Amino acid sequence: MKQLQRWFSRRGALPLTCYLAAVVCWLVLGAFHWGSDALAKQAGKMYESEIPVTDWQLAGLEDSGSTAETALLTTTDGDPQMILEDVSDRVVRTVSYTVEFDGDAREMCLYYTTRVGEDYSQDRRVFPESLGDGQYLYTLPRTTIVALRLDPCSPDENKTVGLTFTPGTITLNAPETLPAVWQYFVPSWYQAFCLVLYPALAAAALSWLRAVWAKIPSRRRG
């Protein structure tokens, strides 16, 4: 106890402790995520799966002459959707594909549900990262994924958009899209911002509480 008191009596000890605790928590979280994915792979639940575009349930889209190598779709309304009803038997971390549009794609997003019968919601959607040359990557959050709904484009009113998928498949968990071991421990820019901000806020709050506690008479503490 005395050693702790001596430590926290030093200048800057409190914020330093908060930052060290944040770093430790981040490393533990990264190790947990890496271990979770490793176990899922070993159990055969996290694997690469190439699903033909035509195997998705299409809404607001029609097949325009797909072949074994290329999927050709054309929008029929302003809210085209591609639905994969049940992926609860696997762990899905990423969704990726290559597509060309013959019009303005506008908004592209991927919705997901976490329970059977759950409605799709804007609170549960992700937007793609463009990898260039028509390649798009969606990275899903670490939660149970039951169903997927891809909204590949959002046509202007009274306009259609043609989509050409080459190859004619959408890939779940493509190996090159999954993180390497070291990437589990490297924060994104937003996560790095949080690792800087929140320990500082915690240190400020604890410092204020300590000052308040010090002003309380010892008899009232008892």
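The preceding data block contains the structure.
What comes next concerns the included structure. (Residues numbered from 1 in each chain as written. Predicted model: local features only at pLDDT ≥ 70, side-chain atom pairs only at ≥ 80, totals over all residues. Heavy atoms only, no water.)

## Topic: the overall build of the protein chain
What the protein chain contains, in helices and strands, is 4 helices and 13 strands. Taken over C-alpha atoms, the radius of gyration comes to 25 Å for the protein chain, far larger than the 17 Å a tight globule of 222 residues would show. Counting only residues that meet the buried cut, the protein chain has 35% of its 222 residues in that class. A total of about 13900 Å² of accessible surface is found on the protein chain, and carbon and sulfur atoms cover 56% of it. Put simply, the protein chain has 20 plus and 25 minus side-chain charges, and the middle of one group is 32 Å from the middle of the other. (Helix = DSSP H or I, 4+ residues; strand = E, 2+ residues; numbered from the N terminus. Rg over C-alpha atoms; globule rule 2.2 N^0.38 Å. Buried < 20%, exposed > 50% of the residue type's maximum accessible area, 1.4 Å probe, protein only. Areas by Shrake-Rupley, 256 points an atom, 1.4 Å probe, with all protein chains shown as cover. Lys, Arg positive; Asp, Glu negative; His and termini not counted. Charge placed at Lys NZ, Arg CZ, Asp CG, Glu CD.)

## Describing the environment of Thr114
Counting through the fold element by element, Thr114 comes out in the loop between strand S7 (109–113) and strand S8 (125–126). The residues touching Thr114, leaving out its near neighbours within four places in the chain, are Arg124, Thr143, Thr144 and Val146. (Contact = heavy atoms within 4.5 Å.)

## Section: the nonpolar core
Counting 30 residues, the largest nonpolar core has Met82, Val95, Tyr97, Leu140, Leu148, Phe165 and Ile170 as the members making the most contacts within it. Elements with a minimum of two residues in this core: strand S4 (71–75), strand S5 (81–84), strand S6 (94–101), S7, strand S10 (135–139), strand S11 (147–151), strand S12 (162–165) and strand S13 (169–172). No other element matches the 3 residues that S6 contributes to this core. In this structure Met82 touches Val53, Trp56, Gln57, Leu58, Leu61, Leu73, Leu148, Arg149, Leu150, Pro152, Phe165 and Ile170, once residues within four positions along its chain are discounted. (Core = buried A, V, L, I, M, F, W, Y, C linked by side-chain atoms within 4.5 Å.)

## Quick look at the packing of helix H2 (residues 13–42) against helix H3 (residues 189–215)
Here H2 crosses H3 at 140 degrees, and the two axes come no closer than 9 Å. What the angle tells us is that H2 and H3 run oblique. Both H2 and H3 take part in a crossing whose hand is right-handed. On H3, the residues that touch Leu14, Pro15, Cys18, Tyr19, Ala22 and Trp26 of H2 are Gln191, Leu195, Val196, Pro199, Ala200, Ala202, Ala203, Leu206, Ser207 and Arg210. Across the contact of H2 with H3, the residue classes tally to 13 nonpolar, 2 polar and 1 charged. (Axes fitted to C-alpha atoms, helices over the stretch in contact; angles between N-to-C directions. Parallel < 35°, antiparallel > 145°, perpendicular 65-115°, else oblique. Left-handed = near helix turned anticlockwise from the far one by under 90°. Nonpolar A, V, L, I, M, F, W, Y, C, P; charged D, E, K, R; others polar.)

## Concerning the pairing of S11
Across the 5 residues of S11, 5 count as buried, placing the element largely inside the fold. The alternating pattern of S11 places Ala147, Arg149 and Asp151 and Leu148 and Leu150 on opposite faces, both of which are buried. In this structure, S5 lies alongside S11, joined through 3 bridges in antiparallel fashion. Bridged to Leu84 within S11 is Leu148. With 5 bridges joining them, S7 and S11 adopt antiparallel strand pairing. Its bridge partner lying in S11, Tyr111 is registered against Arg149. (Pairing = 2+ DSSP bridges.)

## Observations concerning the packing of aromatic side chains
On inspection of all chains with the given rule, the structure shows 3 aromatic pairs. Pairwise contacts between aromatic rings join Tyr97, Tyr136, Tyr138 and Phe165 into one cluster. Directly above the aromatic system of Tyr111 lies the positively charged group of Arg149, at a separation of 4.3 Å from the ring centroid. Geometry around Tyr120 places Arg149 over its ring, the cationic atom sitting 5.2 Å from the centre. (Phe/Tyr/Trp six-rings, centres within 6.5 Å; stacked < 30°, edge-to-face > 60°. Lys NZ or Arg CZ within 6 Å of the ring centre and 35° of its normal.)

## A look at the sheet that holds S11
Strand order in the open sheet formed by 5 strands is S2-S5-S11-S7-S8, with antiparallel pairing between adjacent strands. What marks the edges here is a single partner per strand, and that holds for strand S2 (57–59) and S8.

## As for H2
Relative to the 44 Å expected for 30 residues at 1.5 Å per residue, H2 spans 43 Å between its end C-alpha atoms, a close match to the ideal helical length. Of the positions making up H2, those classed as buried are Ala13, Leu14, Cys18, Ala22, Trp26, Gly30, Gly35, Asp37 and Ala40. Directly beyond the C-terminal end of H2, a positive phi value near 80 degrees is found at Gly44. (Expected span 1.5 Å × (residues − 1).)

## Digging into H3
Given a rise of 1.5 Å per residue, 27 residues ought to cover 39 Å, and the 40 Å separating the end C-alpha atoms of H3 matches this to within 8%. Of the positions making up H3, those classed as buried are Cys194, Pro199 and Ala203. Packed against the buried residues of H3 are H2.

## Topic: the side chain of Ser49
Of note, Ser49 is situated in strand S1 (residues 49–52). Side chain to side chain, Ser49 and Arg90 meet in a polar contact 3.3 Å long. When neighbours within four sequence positions are excluded, Ser49 is seen to be in contact with Arg90, Ile170, Thr171 and Leu172. (Polar contact = N/O pair within 3.5 Å; in protein donor to acceptor, adjacent residues only side chain to side chain.)

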